[in-house]
Amino acid sequence: MVDPTQPATPEDRLADHLTGSLGDGLRQMAEVDRAVYRAIAATSTPSLDEPLRRLSAMADHAKLWVGLAGALALLGGRRGRRAAVTGLVAVGVNSAVVNLPMKFAGRRARPDREGAGVPADRWRPMPTSTSFPSGHSASAFAFAGAVSAVVPALTVPLRALATAVAYSRVHTGVHYPGDVLAGTLVGATIGEATALTGRVVARRRAT
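Residues numbered from 1 in each chain as written. Predicted model: local features only at pLDDT ≥ 70, side-chain atom pairs only at ≥ 80, totals over all residues. Heavy atoms only, no water.

Draft legend 1. Representation of the pattern of salt bridges within the structure. By the definition in use, this model includes 9 salt bridges. Its salt-bridge partner being Arg108, residue Asp33 comes within 2.9 Å of it at the nearest N-O pair. In this pair, Asp33 sits in helix 1 (residues 10-42) while Arg108 sits in the loop between helix 4 (77-106) and helix 5 (113-116), placing the two residues 75 residues apart along the sequence. Each member of the salt-bridge network shares a partner with another, and the members are Glu31, Arg34 and Arg38. (Salt bridge = Lys/Arg side-chain N within 4 Å of Asp/Glu carboxyl O. Helix = DSSP H or I, 4+ residues; strand = E, 2+ residues; numbered from the N terminus.)

Draft legend 2. Highlighting the packing of helix 2 (residues 46-58) against helix 7 (residues 155-171). Here helix 2 crosses helix 7 at 105 degrees, and the two axes come no closer than 9 Å. The orientation of helix 2 with respect to helix 7, classified from their angle, is roughly perpendicular. Taken together, the residues of helix 7 that come into contact with helix 2 (itself represented by Leu48, Asp49, Leu52, Leu55 and Ser56) are Leu161, Ala164, Val165, Tyr167, Ser168, Arg169 and His171. Grouping the constituent residues of the contact of helix 2 with helix 7 by class yields 7 nonpolar, 3 polar and 2 charged. (Axes fitted to C-alpha atoms, helices over the stretch in contact; angles between N-to-C directions. Parallel < 35°, antiparallel > 145°, perpendicular 65-115°, else oblique. Contact = heavy atoms within 4.5 Å. Nonpolar A, V, L, I, M, F, W, Y, C, P; charged D, E, K, R; others polar.)

Draft legend 3. Structural view of the nonpolar core. Core analysis: the biggest nonpolar cluster contains 29 residues, and Tyr37, Trp65, Ala83, Ala140, Phe143, Val147 and Val165 have the highest contact counts within it. Mapped onto this core, the elements with two or more residues apiece are helix 1, helix 3 (63-75), helix 4, helix 6 (135-150) and helix 7. It is helix 6 that provides the largest number of residues to this core, a total of 6 residues. The contact partners of Tyr37, leaving out residues within four places of it in the chain, are Pro111, Asp112, Arg113, Ala116, Val118, Val170, Gly173, His175, Tyr176 and Pro177. Ala90, Val98, Ala142 and Ala146 belong to the second-largest nonpolar core, a separate cluster that totals 7 residues. (Core = buried A, V, L, I, M, F, W, Y, C linked by side-chain atoms within 4.5 Å. Buried < 20%, exposed > 50% of the residue type's maximum accessible area, 1.4 Å probe, protein only.)

Draft legend 4. How the structure looks around the packing of helix 4 against helix 8 (residues 177-206). Where helix 4 meets helix 8, the closest approach of the two axes is 9 Å, and the angle between their N-to-C directions is 135 degrees. Considering their axes alone, helix 4 and helix 8 lie oblique with respect to each other. As helix 4 packs across helix 8, the resulting crossing turns out to be right-handed. Along the contact surface, helix 4 presents Thr86, Val89, Ala90, Val93, Asn94, Val97, Val98 and Met102, while helix 8 presents Val186, Gly187, Ile190, Gly191, Thr194 and Ala195. The residue inventory of the contact of helix 4 with helix 8, partitioned by class, reads 9 nonpolar, 5 polar and no charged. (Left-handed = near helix turned anticlockwise from the far one by under 90°.)

If you want it as structure tokens, here you go:
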């Protein structure tokens, strides 16, 4: 324990400086995050509001990904079935990682979309969970990454759809951009890891 009556050592002063710089940097990043959120809210996009609101609703409770997995399983043959299973496993792992420990650790309050001026036509029901990271964004990129690893031809359309879902969470006012970016990175990592694990298990079964 540091004795407050003793002069600070160079190491103590460096630690205080780094801690202060980190705190200042995080506060400034949060302010940028809120500024981008407000800028999106202030941008008039009447032709996009309803489609993005509907897309965000479709992704609730992973309904969109379950539906796409069902289509893959029915129409994609053996590879499609493997892609569907891999995608749903990735979404399940993602939910266990993001919706419990990460959101509990983050404890970020949801945005004040009324105060930020998000148009009411964009609104979706505000979730009761904490804001960081975005679970919808994480699930979207987990599914896209896992399925694309099995069926590379689906990479572009699935990642484009995942990006649209992620953006819809900011557009509808339920997440800050930083929440979405973090969810995207987490989900993409989980999707790739799930696909890699699936390949390893398949190879072991074949030997």
